[in-house]
Amino acid sequence: MSVSVVWFKRDLRVSDNPALVEAINGPHPVLCIFNLEPERLERADVDPIHIEWELDCLAELCSSLESIGGALQFNFGQVTEQLSDLHETYDIKNLYSNEETGLQWSWDRDKSVAAWCSTNDVEFTEFPSNGVVRRLGTRDHWKKHRDARVSAEQVNTPVSMDSPKGFSSNEIHSMERLGLKPRLLFERPLPGEKAALNVLYSFLDERGRTYRKDMSSPKTGWDACSRLSPYLAVGCITIRQILHHTRRKQKKVKVNPRSKENLGWTSSLSSFQSRLAWHCHFIQRLESEATMDVIALNPELDGHMAREMNAERYAAWSQGKTGWPFFDACMRSLIATGWINFRMRAMLQSVASYTLWLPWTDTGLHLARCFLDYEPGIHWSQVHMQSGVTGINSIRAYSVRKQSTDQDPDGDFIRTWVEELRDVPKEHIHEPWLMSYEQQKEYNCLIDVDYPSPIVDEKTARKEGVSKSYSAKSKPESKQRSLLVYDIHGSRKRR
Ligand SMILES: Cc1cc2nc3c(=O)[nH]c(=O)nc-3n(C[C@H](O)[C@H](O)[C@H](O)COP(=O)(O)OP(=O)(O)OC[C@H]3O[C@@H](n4cnc5c(N)ncnc54)[C@H](O)[C@@H]3O)c2cc1C
């Protein structure tokens, strides 16, 4: 029997899914497949929380497909083996999938699938994902392409589909069967595309009103940010869907922007839209350079920096035991929840790269494993930027002291996540090492016994890191490469 296959990867939804709709509209019954590669479990950037999230979202997708007459087969192995097995029973005519922008291993996998299709006389069709443009010639016109893509009509959600008789869903592997023990996340979001839409609606109905003013603090950002990133990372929702609802909201607000009901929304929605554009802008970088997890966009500049691994510093940084209360609170809350807001992510990376002078490759991997929403294109672009290895972005080294007093003036966030400091009052919470011995005893926090003293003097170390970075950036080879980096990857908004 002739069939079409839809290969799901990071597009775990039935709505706005061009690959699925194209297959359903074709002449053949449709098989849906998902494949988990064993090597993913071994990768240093992949954490069990990612696999668990992906498979929970996959289970939701599977029930949605079944509700319209489809079925989904899960395989743990190589996708070409899964295709060969199916090809023995069915005559696969077409393979459909949505493009994935990933690291080198995923390109290699996709190339092996293309080769399998060509050997087996199967037509392989891929569809663009969000605003990322495959085989982009020049960045000059990228925005035009991106805007057209994300503003286009959504693809209709299928209401029925035809699967061949005898093809049914199988069991998705459990974490135990895969031998994985994911850490338990505090308030982990609900999986699946319905949950994604609910999160979007709650943001546009209420939570997003104060987005612009509240996004920078880890305390207020928890509710005021959209929290859509884990859904975007596995494709439970598209940028086009998010934009569609955002524009509808904008239209409503525009009727009477100064009314009490609409207060705050105009600027918040505009800031939110800019971030949605950044999503595609940064993933586009990885689309052109799949090795961003190991090679800096500006390798000459990175070479001149010569950052070094220091086991003691790395351990303190990665476990949130640096002795800087606000930093430690951010790292510990990230590990516990799988999420933190943008500004604090930037601070975590910039402290590693400038203040502690640790290699971004190692610290970037740690953060990737911490984030439930790990998205390689955004992640490695941001790791490069916050480490100063692009050559086209300004050097921005965050001061923990400043962020601490700006974002958590009373120290509530610190006390929530750094138990050792729970009794320390506001006046000492940002720099507890300055307390006298009597004060330390009074507030149940002996420095170097209960809580460490700072791993380095922050101000001096940060200044040193910044100065070394400027020196590396001014080398002729670094400057030369920066021109090329701008040409390929630079935003054309500001030159
Ligand atoms: C070192 C570092 C690593 C990061 N790694 C990731 C990652 O692995 N996955 C990830 O999704 N984001 C990453 N970000 C970007 C950003 O911090 C998150 O997208 C955001 O905090 C997610 O929360 P939200 O969905 O509530 O975002 P919102 O503020 O509500 O924004 C909505 C969406 O816009 C996009 N977006 C927001 N900020 C950015 C940005 N600065 N760059 C690109 N896109 C953005 C995301 O898709 C996000 O979901 C990283 C930032 C830094 C500094």
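None of the values given here were measured: they were computed from a predicted structure. (Residues numbered from 1 in each chain as written. Predicted model: local features only at pLDDT ≥ 70, side-chain atom pairs only at ≥ 80, totals over all residues. Heavy atoms only, no water.)

### A look at the overall build of the protein
Line of reasoning, step 1. Per the secondary structure count, the protein includes 25 helices and five strands.
Line of reasoning, step 2. Taking 2.2 N^0.38 as the reference for a compact globule, 495 residues should give roughly 23 Å; the C-alpha atoms of the protein span a radius of gyration of 24 Å, in line with that estimate.
Line of reasoning, step 3. Taken along its principal axes, the extent of the C-alpha atoms in the protein is 80 × 55 × 50 Å.
Line of reasoning, step 4. The long-range fraction of contacts in the protein, counting pairs at least 24 apart against all pairs at least 6 apart in sequence, stands at 79%.
Line of reasoning, step 5. Summed over its atoms, the accessible surface of the protein is roughly 22200 Å², and 50% of this surface lies on carbon and sulfur atoms.
Line of reasoning, step 6. Both charge centroids of the protein, one from 64 positive and one from 66 negative side chains, sit 9 Å from each other. (Helix = DSSP H or I, 4+ residues; strand = E, 2+ residues; numbered from the N terminus. Rg over C-alpha atoms; globule rule 2.2 N^0.38 Å. Contact = heavy atoms within 4.5 Å. Areas by Shrake-Rupley, 256 points an atom, 1.4 Å probe, with all protein chains shown as cover. Lys, Arg positive; Asp, Glu negative; His and termini not counted. Charge placed at Lys NZ, Arg CZ, Asp CG, Glu CD.)

### Observations regarding the site of the ligand
Line of reasoning, step 1. Taken together, 26 residues sit near the ligand, with Tyr211, Ser226, Arg227, His279 and Trp339 positioned nearest.
Line of reasoning, step 2. Contact between the ligand and arginine 275: an oxygen atom at 3.4 Å from a main-chain N or O atom of the residue.
Line of reasoning, step 3. A distance of 3.4 Å separates an oxygen atom of the ligand from a polar side-chain atom of arginine 345.
Line of reasoning, step 4. Computed on the free molecule, the ligand has an accessible area of 820 Å², of which 98% lies beneath the protein chains in the complex.
Line of reasoning, step 5. Among the secondary structure elements, those contributing two or more residues to the shell around the ligand are helix H11 (229–233), helix H13 (265–288), helix H17 (342–355) and helix H19 (376–387). (Near = heavy atom within 4 Å. Polar contact = N/O pair within 3.5 Å; in protein donor to acceptor, adjacent residues only side chain to side chain.)

### Digging into the layout of surface pockets
Line of reasoning, step 1. Quantified by volume, the second largest pocket comes out at close to 440 Å³.
Line of reasoning, step 2. Along the wall of the second largest pocket there are 24 residues; nearest its centre are Arg13, Glu99, Pro128, Ser129 and Asn130.
Line of reasoning, step 3. Where the lining of the second largest pocket is concerned, the elements lending two or more residues are helix H6 (142–151), H11 and H13.
Line of reasoning, step 4. Considered class by class, the residues forming the lining of the second largest pocket number eight nonpolar, seven polar and nine charged.
Line of reasoning, step 5. Each of domain 1 (2–127) and domain 2 (193–288) accounts for three or more of the residues forming the lining of the second largest pocket. (1 Å grid on protein atoms, 1.4 Å probe; cavity = no way out; pocket = protein on both sides within 12 Å on 5 of 7 lines; lining within 4 Å. Points joined across faces, edges and corners; volume = space filled by probe spheres on them. Nonpolar A, V, L, I, M, F, W, Y, C, P; charged D, E, K, R; others polar. Domains from an automatic or database assignment.)

### Some points on the side chain of arginine 40
Line of reasoning, step 1. The residue arginine 40 is located in helix H2 (residues 38–42) in this model.
Line of reasoning, step 2. What arginine 40 contacts, discounting residues up to four positions off in sequence, is Val46, Ile51, Glu54 and Trp105.

### Remarks on the environment of valine 122
Line of reasoning, step 1. Inspection of the secondary structure assignment puts valine 122 in the loop between helix H5 (104–119) and strand S5 (123–127).
Line of reasoning, step 2. Placed 30 residues apart in sequence, valine 122 and isoleucine 92 show a C-alpha to C-alpha distance of 6.4 Å.
Line of reasoning, step 3. The contact partners of valine 122, leaving out residues within four places of it in the chain, are His87, Ile92, Lys93, Asn94, Leu95, Trp116 and Cys117.

### Observations regarding empty space enclosed by the protein
Line of reasoning, step 1. Going through the model one piece at a time under the given rule, you end up with one cavity of 30 Å³ or more.
Line of reasoning, step 2. In terms of lining, the largest cavity is formed by 25 residues, of which the most central are Arg10, Arg40, Glu54, Glu100 and Trp105.
Line of reasoning, step 3. Within the residue set of the lining of the largest cavity, elements represented by two or more residues are strand S1 (2–8), strand S2 (30–36), helix H3 (48–67) and H5.
Line of reasoning, step 4. A class-by-class count of the residues in the lining of the largest cavity yields twelve nonpolar, four polar and nine charged.
Line of reasoning, step 5. Split by domain, the residues of the lining of the largest cavity number at least three in each of domain 1 (2–127) and domain 3 (299–489).

### Considerations on the packing of aromatic side chains
What describes a pair of aromatic rings is the distance from one ring centre to the other and the angle between the planes of the rings.
Line of reasoning, step 1. This structure, assessed with the given rule, holds 13 aromatic pairs.
Line of reasoning, step 2. With 5.6 Å between their ring centres and 90° between their planes, phenylalanine 203 and tyrosine 211 make a pair best called edge-to-face. Assigned by exposure class, phenylalanine 203 and tyrosine 211 land together as buried.
Line of reasoning, step 3. A network of ring pairs unites the aromatic residues Phe203, Tyr211 and Phe272 as a single cluster. (Phe/Tyr/Trp six-rings, centres within 6.5 Å; stacked < 30°, edge-to-face > 60°. Buried < 20%, exposed > 50% of the residue type's maximum accessible area, 1.4 Å probe, protein only.)

### A few points about unusual backbone geometry
Line of reasoning, step 1. Positioned with a positive phi, asparagine 444 is a non-glycine residue whose angle comes to about 55°.
Line of reasoning, step 2. The residue asparagine 444 is located in the loop between helix H23 (437–442) and helix H24 (458–473) in this model.
Line of reasoning, step 3. The backbone phi angle of aspartate 448 is positive, close to 75°, even though this residue is not glycine.
Line of reasoning, step 4. When you line up the elements, aspartate 448 lands in the loop between H23 and H24.

### A few points about the packing of helix H4 (residues 79–89) against H5
Line of reasoning, step 1. Contact geometry for H4 and H5: axes closest at 9 Å, N-to-C directions at 25°. Between H4 and H5, the angle falls in the class roughly parallel. Here the hand of the crossing between H4 and H5 comes out right-handed. On H5, the residues touching Val79, Thr80, Leu83, Ser84 and His87 of H4 are Arg109, Ser112, Val113 and Trp116.
Line of reasoning, step 2. Here the contact of H4 with H5 is built from residues that sort into four nonpolar, four polar and one charged. (Axes fitted to C-alpha atoms, helices over the stretch in contact; angles between N-to-C directions. Parallel < 35°, antiparallel > 145°, perpendicular 65-115°, else oblique. Left-handed = near helix turned anticlockwise from the far one by under 90°.)

### Observations regarding helix H25 (residues 476–489)
Line of reasoning, step 1. With 14 residues, H25 extends 20 Å from end C-alpha to end C-alpha; this agrees with the ideal 20 Å at 1.5 Å per step.
Line of reasoning, step 2. Within the span of H25, buried status applies to Ser478, Ser482, Val485, Tyr486 and His489. Each buried residue of H25 sits inside an arc of 100° when the element is viewed along its axis, so together they form one side. In this structure, H25 carries Pro476, Gln480 and Leu483 as exposed residues pointing more than 90 degrees from its buried face.
Line of reasoning, step 3. Turning to H25, the residues buried within the fold contact H13, helix H14 (299–305) and H24. (Expected span 1.5 Å × (residues − 1). Arc of directions from axis to C-beta.)

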